[in-house]
There are 2 protein chains.
Amino acid sequence: METIIGVAAGILTSISMLPQLIKVIKEKDVENLSPYMIAILLTGVSLWVVYGVMLLEWPIILSNAFSVLVNATLLTCYVLFRESR
Amino acid sequence: METIIGVAAGILTSISMLPQLIKVIKEKDVENLSPYMIAILLTGVSLWVVYGVMLLEWPIILSNAFSVLVNATLLTCYVLFRESR
């Protein structure tokens, strides 16, 4: 049961990052994005992956590994679009 | 040990939301924010709280409860600043 809740939670928090990513890629505008937020979040979700591995909880591992990917992409976009001004 | 990692991860992912919130409150500009992201994230972190309660893992419960608060505030800001145009 907790796995179902965990997977649902993981899918939702993962999906929630996609509109932001799509918006940034589409508009090539990172004005209102905070790079600090992305950097700290990247460190945080990486630690959640470690935590998930320690507890052997797959919902935690998978959703946070996905977050690492999204945030790394977002940070790359920030650097790229920021420089293009 | 996993509690330490979990708490560190929780603090980082919680802190990461604050610059975004401060930025939005300071600039009163929600242009680049995605309201869908905030709404889905709010549902997601609420489910993470339920998941944390089921596993009785305090790092999960506390950090996600904090995220619920931040995202609820962010959504309120979105509605307020959006309407003020």
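Residues numbered from 1 in each chain as written. Chains lettered and ligands numbered in written order. Predicted model: local features only at pLDDT ≥ 70, side-chain atom pairs only at ≥ 80, totals over all residues. Heavy atoms only, no water.

Caption draft 1: Expanded view of helix 1 (residues 2-27) of chain A. Residues and elements named next belong to chain A. Counted at 1.5 Å a residue, the expected span for helix 1 with its 26 residues is 38 Å, and the 38 Å between its end C-alpha atoms agrees. Every buried residue of helix 1 is listed here: Ile-5, Gly-6, Ala-9, Gly-10, Thr-13, Ser-14, Ser-16, Met-17, Gln-20, Leu-21, Lys-23 and Val-24. Where helix 1 terminates, the next one or two residues include Lys-28, which has phi positive at roughly 50 degrees. (Helix = DSSP H or I, 4+ residues; strand = E, 2+ residues; numbered from the N terminus. Expected span 1.5 Å × (residues − 1). Buried < 20%, exposed > 50% of the residue type's maximum accessible area, 1.4 Å probe, protein only.)

Caption draft 2: Summary view of empty space enclosed by the protein. A complete count under the given rule lists 3 cavities of 30 Å³ or more for this structure. Roughly 500 Å³ of volume is contained in the largest cavity. Lining the largest cavity are 29 residues, and of these A:Met17, A:Leu41, A:Val45, B:Met17 and B:Leu41 lie nearest its centre. Elements with a minimum of two residues in the lining of the largest cavity: helix 1, helix 2 (35-55) and helix 3 (58-83) of chain A together with helix 2 (17-27), helix 3 (35-55) and helix 4 (58-83) of chain B. Tallied by class, residues from the lining of the largest cavity come to 16 nonpolar, 13 polar and no charged. (1 Å grid on protein atoms, 1.4 Å probe; cavity = no way out; pocket = protein on both sides within 12 Å on 5 of 7 lines; lining within 4 Å. Points joined across faces, edges and corners; volume = space filled by probe spheres on them. Nonpolar A, V, L, I, M, F, W, Y, C, P; charged D, E, K, R; others polar.)

Caption draft 3: Fine view of the packing of helix 1 of chain A against helix 3 of chain B. The geometry of helix 1 of chain A relative to helix 3 of chain B is characterised by a closest axis approach of 8 Å and an angle of 155 degrees between their N-to-C directions. Classified by the interaxial angle, the pair formed by helix 1 of chain A and helix 3 of chain B is roughly antiparallel. Taken as a pair, helix 1 of chain A and helix 3 of chain B cross one another with a handedness that is left-handed. Each residue belonging to the contact of helix 1 of chain A with helix 3 of chain B can be placed in one class, and the counts come to 17 nonpolar, 7 polar and 1 charged. (Axes fitted to C-alpha atoms, helices over the stretch in contact; angles between N-to-C directions. Parallel < 35°, antiparallel > 145°, perpendicular 65-115°, else oblique. Left-handed = near helix turned anticlockwise from the far one by under 90°.)

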